[in-house]
Amino acid sequence: MPKKLTLLAVAAFALLLAACKDDTDVTPQRKFISFKMDNKVMLSEQIHRAFYSPGDLTDADPNNDHSEMLITGYSYNRDVINIRITSPNPQITPGVYTNATFGTEMIMEMNPSLELVGADYNFGDLSITIHNMKDSVVVGQFNGTLVSMDDGSLKTITDGYFRVIYRNYP
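Each value, and the rule that gives it
- Residues take numbers from 1 onward in each chain, read along the sequence in its written order.
- pLDDT decides what is reported in this predicted model: residues at 70 or higher carry local features, side-chain atom pairs at 80 or more are listed and counted, and totals for whole chains, interfaces and linings draw on all residues regardless.
- Only hydrogens and water are removed before side-chain values are computed, so all heavy atoms of the structure are retained for them.
- Each pair of strands is called paired provided DSSP finds at least two bridges between the two strands.
- Numbering of helices and strands runs from the N terminus; a helix is a DSSP stretch of H or I covering at least four residues, while a strand is a stretch of E covering at least two.
- When accessible area is computed with a 1.4 Å probe and restricted to protein chains, residues below 20% of their type maximum are described as buried, those above 50% as exposed, and intermediate ones as partly exposed.
- As used in this record, nonpolar core signifies buried Ala, Val, Leu, Ile, Met, Phe, Trp, Tyr and Cys residues forming a set joined through side-chain atoms within 4.5 Å.
- We call two residues in contact whenever any of their non-hydrogen atoms come within 4.5 Å of each other.
- Any Lys or Arg side-chain nitrogen located within 4 Å of an Asp or Glu carboxyl oxygen qualifies as a salt bridge.

Peer 1: How should I be thinking about the pairing of strand E10 (residues 137–148) in this particular structure?
Peer 2: The side chains of a regular strand alternate, first on one face of the sheet and then on the other. Alignment of strand E8 (residues 116–119) against E10, held across two bridges, turns out to be antiparallel. Considered in E10, the bridge of Gly118 is made with Val147. With nine bridges joining them, strand E9 (residues 125–134) and E10 adopt antiparallel strand pairing. Among the inter-strand pairings, Asp125 is bridged to a residue of E10, identified as Thr145. As consecutive antiparallel partners, E9 and E10 are separated by two residues, and within that stretch Asp135 has a phi angle of approximately 55°, a positive value. Pairing geometry for E10 and strand E11 (residues 154–165), over ten bridges, is antiparallel. Following the sheet pairing, Phe142 is matched in E11 by Gly160. As consecutive antiparallel partners, E10 and E11 are separated by five residues, and within that stretch Gly152 has a phi angle of approximately 80°, a positive value.

Spelled out as C-alpha cells, the structure:
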C-alpha cells in the first residue's frame, strides 16, 4: 500500500509540474478580424491578408511619402471585408486613425446580396486604433458607422478587433 501511495504522489507531482508552464507558452496566436455589425458577430479567421506599404523618402516624389496598410478578409458567410489605414507619415505607428484622413476607410461587400457598405472620407464614421506592430503582426481595434451604398441605411460597427500578419508591399 505505501508503494502505491508513493507512486501516486510522484505521478501527481509530475502532472502538476507539466501543467505549470511559462506564460509565454499560453500567448494566443490566433490571427483574425472580428466585429459586430448591428449586434451580429462577423468573423474572419481563416482567409485574411494584410499588406503594408511604408512611405518612400528616398526619392524626390512627395506623392509616395505616406504609408498605407490594407487588411482584407472574408467572413464565414463570404462577406468581403476591406480595412485601409493611411497615414501622412512614412510609417504607420501605434495610434488612432480615422476616415477624416483621406484613404482611411472600411468597405464591405455583403453576401449574397452584393450590397456595398462603407465609411470613407466622404461618408460614414470610422475609428481605427493600432495597438502594436511588431514582427510582421499588427494588432488593433475599430468601430464606427458604415453607410449602405444601396439605400443609405446605417450599419453600426462595434467591438471590432484584428490581429493579422502583414507583409510589406513592394
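Don't stop here, the text continues.
Peer 1: Is there a simple way to explain the environment of Asn63 in this structure?
Peer 2: Here Asn63 is to be found in the loop between strand E3 (48–53) and strand E4 (67–74). With a relative accessible area of 61%, Asn63 lands in the exposed category. Taking the C-alpha atoms as reference points, Asn63 and Pro88, separated by 25 residues in sequence, lie 10.0 Å from one another.

Peer 1: Please clarify how the nonpolar core should be interpreted in this entry.
Peer 2: Note on soluble globular proteins: their nonpolar side chains tend to be buried together. Among the nonpolar cores identified, the biggest contains 29 residues, and Phe35 and Met108 are the most heavily contacted of them. Element by element, the count of residues in this core is highest for E9, at four residues. Those residues within four positions of Met108 in sequence are excluded, and the remaining contacts are Phe35, Met37, Met42, Asp79, Val80, Ile81, Glu115, Leu116, Val117 and Leu146.

Peer 1: Looking at this structure, how should I read the pattern of salt bridges?
Peer 2: Oppositely charged side chains can form a pair if their charged atoms are brought close together. Evaluation of the coordinates by the stated rule reveals three salt bridges. Between Arg84 and Glu68 there is a salt bridge, with the nearest N and O atoms lying 3.3 Å from each other. Placement of the pair is Arg84 in strand E5 (residues 80–87) and Glu68 in strand E4, with a sequence separation of 16 residues. Note on Arg84: relative accessible area 25%, which makes it partly exposed. Taking the relative accessible area as the measure of exposure, Glu68 reaches 25% and is therefore partly exposed. Ionic pairing is found between Glu105 and Arg84, a salt bridge with its closest N-O pair at 3.7 Å. Here Glu105, found in strand E7 (residues 105–109), pairs with Arg84, found in strand E5; they are 21 residues apart in sequence, far enough to count as distant. By sharing partners, the salt bridges in this structure join Glu68, Arg84 and Glu105 into a single network.

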